[in-house]
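Each chain is listed here by its residues.
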Number of protein chains: 2
Amino acid sequence: MLFHNIAIIGSDGKTKKNMNVRIDGAFIASIEPCNCDLTDAQKREKDVYDGSGKLLIPGFFNNHSHVPMTLTRGYGEELALEDWLYKRIFPFEALLTEEDVYWGSMLGIAEMLRSGTVSFTDMYMRIQGIFRAVMETGIKASLSNGLTGDDTTVLEETAWYRETEQMRRDAEASDGRVIANASLHAQYTSVPALVRAIADYARENNLRMHVHLSETEHEHEQCKELHGKTPTTYFTELGLFDVPTTAAHAIYIEGEDYDLLRDQGVTLCHMPSSNLKIGSGLADVKSWRDHGIRVTIGTDGAGSNNNLDMIEEVTLASYLAKGIHRDPLLFSTGELLTFATRNGALAQGREDTGLLEPGFRADLAVVDMNALHFQPMYDYGTSLFTNANASDVALTMVDGRILYRDGEFTTIDIEKVIWNVYRVRDEKLAQLNA
Amino acid sequence: MLFHNIAIIGSDGKTKKNMNVRIDGAFIASIEPCNCDLTDAQKREKDVYDGSGKLLIPGFFNNHSHVPMTLTRGYGEELALEDWLYKRIFPFEALLTEEDVYWGSMLGIAEMLRSGTVSFTDMYMRIQGIFRAVMETGIKASLSNGLTGDDTTVLEETAWYRETEQMRRDAEASDGRVIANASLHAQYTSVPALVRAIADYARENNLRMHVHLSETEHEHEQCKELHGKTPTTYFTELGLFDVPTTAAHAIYIEGEDYDLLRDQGVTLCHMPSSNLKIGSGLADVKSWRDHGIRVTIGTDGAGSNNNLDMIEEVTLASYLAKGIHRDPLLFSTGELLTFATRNGALAQGREDTGLLEPGFRADLAVVDMNALHFQPMYDYGTSLFTNANASDVALTMVDGRILYRDGEFTTIDIEKVIWNVYRVRDEKLAQLNA
């Protein structure tokens, strides 16, 4: 397949116009200046995409999500956090079957593909339902169940263990698209023995780790009171970061936390919509970056975002950093793109993707810059994280396969998905109100 | 015209589903529960809109803009503020003719109509070009030229005076759609005698006032150094707020500023995208509201936003307030809607619009909530400022006239507008590079 006469954006954020990008199988074969017109190209090649007015970018890596939470998107707005969680989300989630999780995942994956995301890192439960959705749709994912437990919990006897072991076997048969992670929900929902147990398990089985870290001031301060140390130090001492780890939120990290995270190669994931909307606070991504920590971007679950639109997250991350630090140069387009693509790929352990370069996997998105809100166009690249939104994404490709194009999904029967999501919603609401 | 079986949202933020809303001429005639099916309604009425899956809201009042700045949207990204202004924006603007301003305004108005905005408050130059665009397109506007000057400036000899006087005459012939405002650019771009002169002029001619207020810490602190008082006190003492005033930004107001603004009935306009993107800072809208100040929302110019999407602005205002104050209950949907609609109408002095109630002007927008990112729907109202974006607006109506519907403008030849905007851009760039 040939993307003909399309603008591309490099990891330096610089735009190159009028390029030809050839895809061969699952890989980017070549990127060269375009020197033929569309008609000639179409005569010579069987599959030519007219890229005029469009920007080709590496697809987004959504580095922290709870994808089945599309099911509870908007369920319990205008409630305080505790009420939202304890009166709405937890009772609803307690009723979810693996099949329900499958349908919620199908909807979430459709939304992600529709907005240019090629891979996501997830933490949830009944995760075999997510796996099934990932395999059917063609997206990539790093999947995990988030472990919680107390002093009575024996790791090997948990649903967590069963699901994680199953995911390790499933992932091996996924042709590299799915990676199984170990995942601890958070410091405040576990005990030291359990943290040590999951750390050992991850190390022994060579798994990456995923965890919520210092998301609220309350959990951060409570850890210091209980253990005399920050969650970052606590986890470090218990060995949680011995394997490559992505930690989500990190709003309240402080002092030597920064150096500990950098020295252990922990990736941090920033989710500004969720941090703001549920009133957690504002993470200081500039400090992360300045300390040499790898920065990635995520959407969190649709319950607290309320969408899975990575362009919106990156734009918000950019605007927040500029506003907080009163510096309009934070961050450059190249840096933002790296956060949302290459860094996410590396955090997932995928060395062969996240860059628009020959030899890398064709995990790509096309943004159509013909809409009114881009006019007049001065530069495609710098327009990406200022005025683009999800509806401007025209095409999403994973491993060289087009999964979304111009309103249509190639692997998803979206009407069937929506019908089933409403069925699940109505069933759960009926059970909850019974 | 009948909006059939549509959800509506009241100023209390509560959703009512399955309503019939009848428009008669320029006004909302009735709002009643729907008790007939679509086919029956279509038999009885000649103009029936199928509202299923859709939400009818009062249209947005964009309370601070520089609408012709669409021409410089994205011109000079990744530059520091001073460089952006002095090397890009000011030289470009110096070349603009009234005709150029017309084309930039046509594009900006198209974008506003496409995203549900029915009226805007503007401050720019060569404003007869904006007036012409407003009259042709059917939108509403409060228009002004932003006065700047030093001790040598004689008000009556300025282009400002000539344009403002012309606008007063034009507005009288606009059937109420255009209101002429007096407008002072800002404290730091004027001198006390000029502030007093424009204050006198506004009072004598019964005009509303529009002004930038304490947008940056630098201007705010500099005023305190030079005059021994904040810009708010300075303006108060010079009589600027003697007439109903809308002040834009107000990021650095402090202390008794709040009470002064409330007591004088000054409306504040919040533009979070612009405040963040150019590194000005974060306004504390909760404090505005808590002090009893009328809050409105604006987009600012497309150079510093970079779009004119009010839904995005309101959502960002909501998320920022929640995040800064760590309170997910800030603000309710009803409050946010009031900021962006009724309060904007009142700030413009339009008592007869901004509410979805019989007898009020039919200045309305329809949001289509069938897109993927709304599914599954729990509540139309609370989904508005969490997951809607500009592309979800299906219809915009001003004074009972449909001006935008399903991708089409009824009063704008959008291709001609875009062609001319590019022509203007290219002419200016050629002149600047000559």
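Above: the structure in question.
The structure presented is a predicted model; accordingly, all values stated were derived computationally and were not measured.

## Quick word on the relation of the copies chain A and chain B
One copy of the chain maps onto the other through a rotation about an axis plus a displacement along that axis.
Here is step 1 of the chain: Note on the copies: chain A fits chain B at an RMSD of 0.0 Å, the axial shift is 0.0 Å, and the rotation between them is 180 degrees. Both copies of the chain, as the preceding transformation shows, are related through a two-fold rotation axis. Residue Ser391(A) of chain A places its C-alpha closer to the rotation axis than any other residue of that unit, at 3.5 Å.

## What about helix H6 (residues 192-205) of chain B?
Residue and element names in this part refer to chain B.
Here is step 1 of the chain: For H6, which comprises 14 residues, the first-to-last C-alpha distance of 20 Å matches the rise-based estimate of 20 Å (1.5 Å per residue) to within 8%.
Here is step 2 of the chain: Of all the residues in H6, the buried ones are Leu194, Val195, Ile198, Ala199, Tyr201 and Ala202. Projected onto a plane normal to the axis of H6, the buried residues spread over an arc of 160 degrees and lie on a single side.
Here is step 3 of the chain: Where H6 is buried, its residues touch helix H5 (159-172), strand E9 (178-184), strand E10 (208-213) and helix H8 (231-237).
Here is step 4 of the chain: Phi for Asn206, located one or two positions after H6, is positive at around 60 degrees.

## Some words on the sheet that holds strand E8 (residues 140-145) of chain A
Residues and elements named next belong to chain A.
Here is step 1 of the chain: With parallel pairing, the four strands of this open sheet are ordered in space as E6-E7-E8-E9. Looking at which strands have only one partner, the edges of the open sheet turn out to be strand E6 (60-65) and strand E9 (178-180). Shown here is a sheet whose adjacent strand axes are inclined to one another by a mean of 15 degrees, direction ignored.
Here is step 2 of the chain: With three bridges connecting them, E8 and E9 associate as parallel partners. Within E9, the position partnered with Leu143 by the bridge is Ala180.

## Brief notes about the interface of chain A and chain B
Here is step 1 of the chain: Residue-level contacts link 60 residues of chain A with 60 residues of chain B.
Here is step 2 of the chain: Buried area between chain A and chain B, summed over both chains or domains, comes out near 4700 Å², and the portion from carbon and sulfur atoms is 61%.
Here is step 3 of the chain: Taken together, chain A and chain B are joined by two salt bridges.
Here is step 4 of the chain: Residue Glu217(A) is joined to Arg326(B) by a salt bridge in which the shortest nitrogen-to-oxygen separation is 2.1 Å.
Here is step 5 of the chain: The interface formed by chain A and chain B holds 25 residue pairs in polar contact (both at pLDDT 80 or more) in total.
Here is step 6 of the chain: Looking at the side of chain A that touches chain B, the elements that each hand over two or more residues are helix H2 (81-94), helix H3 (98-114), helix H10 (272-277), helix H12 (310-325), helix H15 (380-387) and helix H16 (414-433) of chain A.
Here is step 7 of the chain: Of the residues that constitute the side of chain A that touches chain B, the class distribution is 29 nonpolar, 20 polar and eleven charged.

## Some details on the packing of aromatic side chains
We describe a pair of aromatic rings using the distance from one ring centre to the other and the angle between the two ring planes.
Here is step 1 of the chain: Per the counting criterion, the structure on display carries 24 aromatic pairs over all chains.
Here is step 2 of the chain: Judged by centre distance (5.1 Å) and plane angle (85 degrees), the ring pair of Tyr86(B) and Phe90(B) falls under edge-to-face. Here Tyr86(B) and its partner Phe90(B) are both found in helix H2 (residues 81-94), four residues apart, which amounts to about one turn of the helix.
Here is step 3 of the chain: A network of ring pairs unites the aromatic residues Tyr75(A), Phe92(A) and Tyr378(B) as a single cluster.
Here is step 4 of the chain: Here the basic side chain of Arg88(A) rests over the ring of Tyr75(A), its NZ or CZ set 5.0 Å away from the ring centre.
Here is step 5 of the chain: Seen from the ring of Tyr378(A), Arg425(B) lies directly overhead, with NZ or CZ sitting 5.5 Å from the centre.

Conventions used here
- Note that residues are indexed from 1 along each chain, following the sequence as it is written.
- Chain letters start at A and ligand numbers start at 1, both assigned in the order the entries are written.
- Given that this is a predicted model, residues contribute local features only at a pLDDT of at least 70 and side-chain atom pairs are listed and counted only at 80 or more, while totals for whole chains, interfaces and linings are drawn from all residues.
- Note: side-chain values were computed over all heavy atoms of the structure, leaving out hydrogens and water.
- C-alpha atoms of residues with pLDDT of at least 70 in both copies form the basis for the least-squares superposition of the copies.
- The helix and strand labels rest on DSSP assignments: H or I over at least four residues marks a helix, E over at least two residues marks a strand, and numbering proceeds from the N terminus.
- What a helix is expected to span follows from its residue count: subtract one and scale by 1.5 Å.
- Three labels apply to residues, based on accessible area from a 1.4 Å probe with only protein chains included: buried if under 20% of the type maximum, exposed if over 50%, partly exposed otherwise in between.
- In this description, the arc belongs to the directions extending from the helix axis to the C-beta atoms.
- Whether two residues are in contact is decided by their heavy atoms: any pair within 4.5 Å suffices.
- Pairing between strands requires that DSSP locate at least two bridges from one strand to the other.
- A fitted line through C-alpha atoms serves as each axis, taken over the contacting stretch for helices, and the angle formed by two N-to-C directions is quoted from 0 to 180°.
- As used here, buried area is the combined drop in accessible area, with a 1.4 Å probe, of two parts when they are placed together.
- Any Lys or Arg side-chain nitrogen found within 4 Å of a carboxyl oxygen on Asp or Glu counts as a salt bridge.
- For this analysis, a polar contact is any N or O atom pair within 3.5 Å, provided that within protein one partner can donate a hydrogen and the other can accept it, and provided that sequence-adjacent residues contribute only side-chain to side-chain pairs.
- Residues are grouped as follows: Ala, Val, Leu, Ile, Met, Phe, Trp, Tyr, Cys and Pro are nonpolar; Asp, Glu, Lys and Arg are charged; all remaining types, including Gly, are polar.
- Stacked, tilted and edge-to-face pairs are distinguished by plane angle, under 30 degrees for stacked and over 60 for edge-to-face with tilted covering the rest, among Phe, Tyr and Trp rings (Trp via its six-membered ring) whose centres lie within 6.5 Å.
- Sitting over a ring, as applied to charges here, requires NZ of Lys or CZ of Arg to be within 6 Å of the ring centre and within 35 degrees of the ring normal.

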